[in-house]
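Observations on the model geometry
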Amino acid sequence: MPPSAPALTLTVASLNHMDEDAFVTLLAGVFEHSPWVAERSVNARPFGSIAMLHARMVLAVKNASRDEQLRLLRAHPELAGKEAQAGTLTDDSTREQRGAGLIDLDAAEKASIARLNAGYRSKHGFPFIIAVRNYTRAQIFSEFARRLDNDPEAEIAACLEQVFNITRLRLDAMIAD
């Protein structure tokens with residue numbers, strides 16, 4: 001059996017030198033189902049670090065219209081929701097939810113999170129978002145219950161901050177710096 005080719009290492013320098021289409025293609029999934037964030041960031045190159053790249057992507061979201069921000073939030077899956085049960089989460093979301101123990105909930109936890117998901121979406125119009133890698137499973141449930149009663153504007157801000165945490169972790173995992 002021939003040896004496998006070494007995996008290419010993605011670096012900030014390589015992102016700075018690739019064509020726009022390749023840049024967008026590689027970073028399209030960092031912000032869940034929202035390639036427009038990468039599209040609006042590509043012309044800010046060169047980036048000196050992952051932090052600078054992430055800051056530019058965050059700025060693209062902050063400068064987006066409220067409707068675009070809501071579409072970004074709505075593009076996220078529910079925690080342990082129907083996408084997780086059907087196995088249709090993105091690879092990143094699957095790893096994140098599995099790492100937090102949300103893929104293998106017992107029946108009572110599944111029922112509890114289903115109630116939380118339904119109540120949150122009904123009140124806020126988008127799924128609850130949390131950077132699950134930064135929390136234990138118990139902390140996730142606690143934060144979910146606590147934030148359910150927040151007003152929608154506070155939750156838009158909270159969810160966007162969580163998206164920014166998630167995306168920084170994703171960039172750190174995919175880019176060698």
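Residues numbered from 1 in each chain as written. Predicted model: local features only at pLDDT ≥ 70, side-chain atom pairs only at ≥ 80, totals over all residues. Heavy atoms only, no water.

The subject of this paragraph is the environment of Ile-156. Checked against the element boundaries, Ile-156 lands in helix H10 (residues 152–174). Here the alpha-carbon distance between Ile-156 and Leu-73, two residues 83 residues apart in the chain, equals 8.1 Å. The contact partners of Ile-156, leaving out residues within four places of it in the chain, are Arg-66, Leu-70, Leu-73 and Phe-126. (Helix = DSSP H or I, 4+ residues; strand = E, 2+ residues; numbered from the N terminus. Contact = heavy atoms within 4.5 Å.)

Here Gln-69 lies in helix H5 (residues 66–74). Note on Gln-69: relative accessible area 7%, which makes it buried. In this structure the side chain of Gln-69 is engaged in a polar contact, spanning 2.9 Å, whose partner is the backbone oxygen of Val-61. When near neighbours in sequence (up to four residues on either side) are disregarded, Gln-69 contacts Val-61, Lys-62, Ala-64 and Leu-160. (Buried < 20%, exposed > 50% of the residue type's maximum accessible area, 1.4 Å probe, protein only. Polar contact = N/O pair within 3.5 Å; in protein donor to acceptor, adjacent residues only side chain to side chain.)

With that settled, consider helix H4 (residues 50–62). When the terminal C-alpha atoms of H4 are compared, their 18 Å separation across 13 residues agrees well with the 18 Å that a helix rising 1.5 Å per residue should span. Within H4, the full set of buried residues consists of Ile-50, Leu-53, His-54, Met-57, Val-58, Ala-60 and Val-61. Projected down its long axis, H4 shows its buried positions confined to an angular sector of 155°, all on one face. (Expected span 1.5 Å × (residues − 1). Arc of directions from axis to C-beta.)

In contact at an axis separation of 11 Å, H5 and H10 are set at 65° when each is read in the N-to-C sense. Considering how the two elements wind past one another, H5 and H10 form a crossing that is left-handed. Residues Arg-66, Gln-69, Leu-70, Leu-72 and Leu-73 of H5 form the contact with H10, whose own contacting residues are Glu-153, Ile-156, Cys-159, Leu-160 and Val-163. The class makeup of the residues in the contact of H5 with H10 is 7 nonpolar, 1 polar and 2 charged. (Axes fitted to C-alpha atoms, helices over the stretch in contact; angles between N-to-C directions. Left-handed = near helix turned anticlockwise from the far one by under 90°. Nonpolar A, V, L, I, M, F, W, Y, C, P; charged D, E, K, R; others polar.)

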